[in-house]
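Residue-level listing of the chains:
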Amino acid sequence: MKKVYAVIVFMIGMLTTVSAQKSENYAVKMLGTPQADGSVEVAFQTDQYGKTYTVRRMEKGKGDWGTEIKTYSGVDSSGWIRFVDDETEKGKTYEYTVYKTGVGNFVGMGYLMTGVEV
């Protein structure tokens with residue numbers, strides 16, 4: 001009988017933990033700022049749920065995200081991470097995605113489309 005009660009308490013604890021998550025916890029807020037030289041400044045917001053953030057880029061319409069262009073591991077606080085992607089060209093549109101992973105296989109995602117002089 002004791003085993004049954006332990007399982008029920010564990011399951012209730014898990015339901016409480018899962019229900020506390022909000023949909024915005026799974027999103028990654030992103031900004032893209034075109035630069036005069038043809039590069040793009042990409043920024044995304046970190047939070048307490050994400051520990052690793054992986055950034056991928058593709059040219060609009062290519063359909064293949066390819067390999068990651070940046071990975072940030074060990075992130076343990078909220079704030080903004082910014083970097084300049086200088087592998088872009090004027091007149092082209094790019095899509096960016098950021099995947100965040102965290103404790104307990106927590107996953108979130110952000111998406112951004114931007115370009116310079118498009």
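The next point concerns the sheet that holds strand β7 (residues 107–115). Strand order in this open sheet of four strands is β4-β3-β6-β7, and the pairing throughout is antiparallel. Only two strands of the sheet have a single neighbouring strand rather than two, namely β4 (68–72) and β7. On average, adjacent strands in this sheet sit at an angle of 15° to one another, irrespective of strand direction. In the sheet, strand β3 (residues 52–59) pairs with strand β6 (residues 93–101) via eight bridges, with the strands oriented antiparallel. Residue pairing in the sheet places Val55 in a bridge with Val98 of β6.

Within the secondary structure layout, Lys100 lies in strand β6. Owing to a relative accessible area of 0%, Lys100 belongs among the buried residues under this scheme. Beyond its immediate chain neighbours, meaning those up to four positions away, Lys100 contacts Asn25, Tyr26, Ala27, Val28, Asp47, Gly50, Thr52, Tyr53, Phe106, Val107 and Gly108.

This next bit is on the packing of aromatic side chains. Following the criterion strictly, the structure yields five aromatic pairs and no others. Consider the rings of Tyr26 and Phe106, whose centres lie 4.8 Å apart with planes at 20°: the pair is stacked. Placement of the pair is Tyr26 in the loop between α1 (2–19) and β1 (30–34) and Phe106 in the loop between β6 and β7, with a sequence separation of 80 residues. Take Tyr26: its relative accessible area is 37%, and that puts it in the partly exposed class. Aromatic side chains Tyr49 and Phe106 sit 5.3 Å apart centroid to centroid with 25° between the ring planes, which places their arrangement in the stacked category. One end of the pair, Tyr49, is in the loop between β2 (40–46) and β3; the other, Phe106, is in the loop between β6 and β7, and 57 residues separate them in sequence. Accessibility expressed as a relative area gives 9% for Phe106, which makes it buried. Among the aromatic residues, ring-to-ring pairing joins Tyr26, Tyr49 and Phe106 into one connected group.

Conventions we followed
- Residues numbered from 1 in each chain as written.
- Predicted model: local features only at pLDDT ≥ 70, side-chain atom pairs only at ≥ 80, totals over all residues.
- Heavy atoms only, no water.
- Pairing = 2+ DSSP bridges.
- Helix = DSSP H or I, 4+ residues; strand = E, 2+ residues; numbered from the N terminus.
- Axes fitted to C-alpha atoms, helices over the stretch in contact; angles between N-to-C directions.
- Buried < 20%, exposed > 50% of the residue type's maximum accessible area, 1.4 Å probe, protein only.
- Contact = heavy atoms within 4.5 Å.
- Phe/Tyr/Trp six-rings, centres within 6.5 Å; stacked < 30°, edge-to-face > 60°.

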